[in-house]
Amino acid sequence: MREGEWNERLWQQIGQALEKFATKEDIHRIEERLNDLATKEAVERLTGKLDTLLINSVTKIEVSKIERQMERNPTKEDFQKLEVRLSDMLPKLVTKHEWSATESKLARALTRDEFAHSISSLREELGGISQKLHNTVRQMNSLRKFLLLTLLLNGLVLCLLLWVLLRLKLF
């Protein structure tokens, strides 16, 4: 029963860890995105050209909207920080060998339904044993009463025999 609980807790922890940690594919996608991003100088040059074009063609409100959108985009420093954090987390991720070992342990463990079925059959057997013990105790109580009655009758018979023997010796 403890191993079942341990397995269930382990699955929960694995599920939580998978949600928290990035996989190698995620890192690969981020690296591809980083390679596709333009350098800061190119973005600044583009911003200058956009400013010139936008000032000539659109209002200042539209220019500020575009600038706010550009400020929200992550910088290379942000990606470097993310890359450092991800590389620090990589040793903590589960290896294929550890994963397959865990899977093989789980394959040998009882499923929740199997466990519930085993427990219910055990409960039924224990209920039957409990009923048999109850019947046995009841029979033992009846037998005890019978033995006490038999001892009492034997005592009376002995008393009568003594009385009869005493009466015969006195006459």
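Now for a look at the structure at hand. (Residues numbered from 1 in each chain as written. Predicted model: local features only at pLDDT ≥ 70, side-chain atom pairs only at ≥ 80, totals over all residues. Heavy atoms only, no water.)

### A few points about the overall build of the chain
Point 1. For the chain, the helix and strand inventory stands at seven helices and zero strands.
Point 2. Reading the chain from its N end, one meets helices and strands in the order α-α-α-α-α-α-α.
Point 3. The proportion of buried residues among the 171 residues of the chain is 8%.
Point 4. Total accessible area on the chain is roughly 15,500 Å²; 61% of this is exposed by carbon and sulfur atoms. (Helix = DSSP H or I, 4+ residues; strand = E, 2+ residues; numbered from the N terminus. Buried < 20%, exposed > 50% of the residue type's maximum accessible area, 1.4 Å probe, protein only. Areas by Shrake-Rupley, 256 points an atom, 1.4 Å probe, with all protein chains shown as cover.)

### Focus: the pattern of salt bridges
Point 1. Applying the stated criterion across every chain, the model contains one salt bridge.
Point 2. Between Glu8 and Arg112 there is a salt bridge whose closest N-O contact spans 2.7 Å. One end of the pair, Glu8, is in helix 1 (residues 2–20); the other, Arg112, is in helix 7 (residues 112–170), with 104 residues separating them in the sequence.
Point 3. Take Glu8: its relative accessible area is 36%, and that puts it in the partly exposed class. (Salt bridge = Lys/Arg side-chain N within 4 Å of Asp/Glu carboxyl O.)

### Considerations on a nonpolar patch on the surface
Point 1. Together, Leu160, Trp163, Val164, Leu165 and Leu168 give the surface a local cluster of nonpolar side chains, amounting to about 530 Å² of exposed area.
Point 2. Structurally, the position occupied by Leu168 is in helix 7.
Point 3. The exposed category is assigned to Leu168, whose relative accessible area is 62%. (Patch = residues over 30% accessible without salt bridge, like charges linked within 9 Å, V, L, I, M, F, W, Y side chains within 5 Å.)

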